[in-house]
Structure formats: C-alpha cells, structure tokens
Amino acid sequence: MTQDELKALVGQAATAFVEPGSIIGVGTGSTVNCFIDALAQMPVRIKAAVSSSQQSTARMQALGIQVLDANEVESLAVYIDGADEIDHAGCMIKGGGAALTREKIVADISQRFICIVDESKLVTTLGRFPLPVEVIPMAAAQIARRLRKLGGEPVLRAGVVTDNGGQIIDVHGLSIGEPNALEREINQWPGVVSCGIFARNKASVCLLGTAQGVKTLTF
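Computed from a predicted structure; not experimentally measured. (Residues numbered from 1 in each chain as written. Predicted model: local features only at pLDDT ≥ 70, side-chain atom pairs only at ≥ 80, totals over all residues. Heavy atoms only, no water.)

A few words on the overall build of the protein. When you go through the protein residue by residue, the secondary structure sums to six helices and 14 strands. Its C-alpha radius of gyration of 17 Å places the protein within 12% of the 17 Å reference for a compact globule of 219 residues. For the protein, the C-alpha atoms occupy an extent of roughly 50 × 40 × 30 Å along the three principal directions. Counting only contacts in the protein whose residues sit at least 6 apart along the sequence, the fraction spanning at least 24 positions is 71%. Accessible surface, the protein as shown: approximately 9,900 Å² in total, 50% of it carbon and sulfur. Side chains of the protein give 19 positive and 22 negative charges; the mean places of these two sets differ by 3 Å. (Helix = DSSP H or I, 4+ residues; strand = E, 2+ residues; numbered from the N terminus. Rg over C-alpha atoms; globule rule 2.2 N^0.38 Å. Contact = heavy atoms within 4.5 Å. Areas by Shrake-Rupley, 256 points an atom, 1.4 Å probe, with all protein chains shown as cover. Lys, Arg positive; Asp, Glu negative; His and termini not counted. Charge placed at Lys NZ, Arg CZ, Asp CG, Glu CD.)

Turning our attention to the sheet that holds strand β5 (residues 85-86). Taken in spatial order, the three strands make up an open sheet running β5-β6-β12, and their pairing is antiparallel. Lying at the two open borders of the sheet, with one neighbouring strand each, are β5 and β12 (197-198). Where β5 meets strand β6 (residues 92-93), two bridges bridge the pair, whose relative direction is antiparallel. The residue bridging Ile86 from the neighbouring strand is Met92, located in β6. (Pairing = 2+ DSSP bridges.)

The tally for this structure, following the rule as stated, stands at seven salt bridges. Linked by salt bridges that have partners in common, Asp81, Lys94 and Glu103 make up one network. (Salt bridge = Lys/Arg side-chain N within 4 Å of Asp/Glu carboxyl O.)

In this section: the pairing of strand β2 (residues 48-51). Side chains of β2 alternate between two faces, with Ala48 and Val50 and Ala49 and Ser51 buried alike. Alignment of strand β1 (residues 23-26) against β2, held across four bridges, turns out to be parallel. Across the sheet, residue Val26 finds its bridge partner in β2, namely Ser51. Here two bridges tie β2 to strand β3 (residues 67-68), and the two strands are oriented parallel to one another. (Buried < 20%, exposed > 50% of the residue type's maximum accessible area, 1.4 Å probe, protein only.)

Glancing now at the nonpolar core. Grouped together as the largest cluster of nonpolar side chains are 23 residues, with contacts concentrated most on Leu131, Val133, Ile143, Ile169, Ile176 and Ile186. Looking at this core, the elements that each hand over two or more residues are β8 (131-135), α5 (140-149), β10 (167-172), α6 (179-187) and β11 (192-195). Counting residues per element, this core draws most heavily on α5, at four residues. For Ile186, the contacting residues outside a window of four places in its chain are Leu131, Val133, Leu147, Leu150, Val192 and Cys195. Residues Ile46, Val78, Ile116 and Val205 belong to the second largest nonpolar core, which totals 22 residues. (Core = buried A, V, L, I, M, F, W, Y, C linked by side-chain atoms within 4.5 Å.)

By way of backbone hydrogen bonds, the strands of a sheet pair with one another, either parallel or antiparallel. What the seven strands build is an open sheet, ordered β3-β2-β1-β4-β7-β13-β14; its pairing is mixed. Looking along the sheet, the strands with just one partner apiece sit at the ends: β3 and β14 (213-218). Pairing geometry for strand β4 (residues 79-81) and strand β7 (residues 113-118), over three bridges, is parallel. The residue bridging Tyr79 from the neighbouring strand is Phe113, located in β7. Across the sheet, helix α2 (residues 30-40) touches β1, β4 and β7, and the angle it forms with β1 is around 155°. Most of the contacts of helix α3 (residues 54-62) go to β2, to which it runs at about 160°, and overall it touches β1, β2 and β3. (Axes fitted to C-alpha atoms, helices over the stretch in contact; angles between N-to-C directions.)

Before going further, it helps to spend a moment on a positive patch on the surface. A grouping of Arg145, Arg146, Arg148 and Lys149 is seen on the molecular surface, where their side chains present a positively charged patch. With respect to the secondary-structure elements, Arg145 resides in helix α5. Residue Arg145 is classed as partly exposed on the basis of its relative accessible area of 46%. (Patch = residues over 30% accessible without salt bridge, like charges linked within 9 Å, V, L, I, M, F, W, Y side chains within 5 Å.)

Let us now look at the environment of Cys91. Relative to the elements of secondary structure, Cys91 occurs in the loop between β5 and β6. Residues Cys91 and Ala203 lie 112 residues apart in sequence; the distance between their C-alpha atoms is 6.5 Å. Cys91 has contacts with Glu85, Ile86, Leu126, Pro179, Phe198, Ala199 and Lys202, leaving out every residue within four places of it along the chain.

Along helix α1 (residues 3-13), the positions that sit buried rather than exposed are Leu6, Lys7, Val10 and Gly11. Around the axis of α1, the buried residues are gathered within 135° of arc, so they sit on the same side. On the buried face of α1, the contacting elements are α2, β7, β13 (205-210) and β14. (Arc of directions from axis to C-beta.)

This is the structure in structure tokens:
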C-alpha cells in the first residue's frame, strides 16, 4: 500500500470512534484530511466539530460540517488527529503543519485522543522528527540559545507564521527519552507559546496503518 492509501485507511477507521450527533475535535494535516472526507460520508453526521486550524475549518465547512469555536464547548468526547511521531507509550511529536498550539488546546478539552498515523510514524524514542517549538518572535533568538544548551540544533522555519502569529523553531538532533520532563521544561521558558511534545496530552488510542490493515494500539 502507498502512504496515501494507508492514510485513507486510518482516516476511515477513525469514524468508528465518532458518535453520530456528537461534537468532536478535529486536528490538522494530510491524514486528518482523509478523516474529514470520511466524516462527511457518515450516514448520520456529527452535530459539529472544534477545529485546530484554519485549514481544517475551511475543509469541513466546504463539506457542510459546522465548526464551533473552542470557547463554545466545555468538553469533547474525542479528538482525532495525526502525529509526526508516536512512541510506544502514546507520547507524540506534533507541529509539522505548524498548528501544534491549537492542537494542544483542542486535545486538552477532549476526553480521548485518537491518533491516526501510518506505521512509519511509530518510533522507540521521539526525536527523529525535528521538534517544533512555537515562539513569540521577539524571543526566538533566546529560545534558540536555550535549545542548543539541551543538545539540539534549532532552525527557524522560514516564511512560516502560525495561526496565532507565532514563529516555529524546528529542533534537530534531540533524543527525547523523557517526553514529560522535556515538555514541562521547554513550556516554562518565557516566549515559548507551546512545544510540539504531546506527553501531558498523549494519545489514548493509536490507529496505525500497516500493509496488513489497521492496527489498534491502546495506552
């Protein structure tokens, strides 16, 4: 199977976790686009969705799915999103699409995080994919210096402005053996909006697309 076929497979499988008539959280990215397309084909549609990006909002609205602001809901039963990496404990690196902060907000108001990825994203130790960190622009140089002290090589993502008006620093060369500790450390630095480690808001379930079909991992 091609990677696109695997994405379509897990996108369709994720609809099994969606209660018709409910309000759900929807993430961002190419795999999530497959889920959104599958969502629109459900015989009984959801009531509405809370979106983590302007891109996903536009795609859902084009398919006739109502999108609510996160401030309009108290809790979501489920959040469906992809990841750039996921380990065997359900911790993830996210932010390749620069939507990490809004993704973390929607994940935080959701009772369950269903991660949809192809098998290439499953790793033993996080860090092969560069760690995105969203920063306030005036703090970018200081945050980069701090990241170098951790042993990483920070690179400002050129030409990218997040939906929040922030910049993204991608940190290469980290081996993240303790995701919870590193997430807490980076998030406390002044000027950091959010880092792309999802350990506090880790996945509850991972739907893993493989050549043999969808494998379900629970954490």
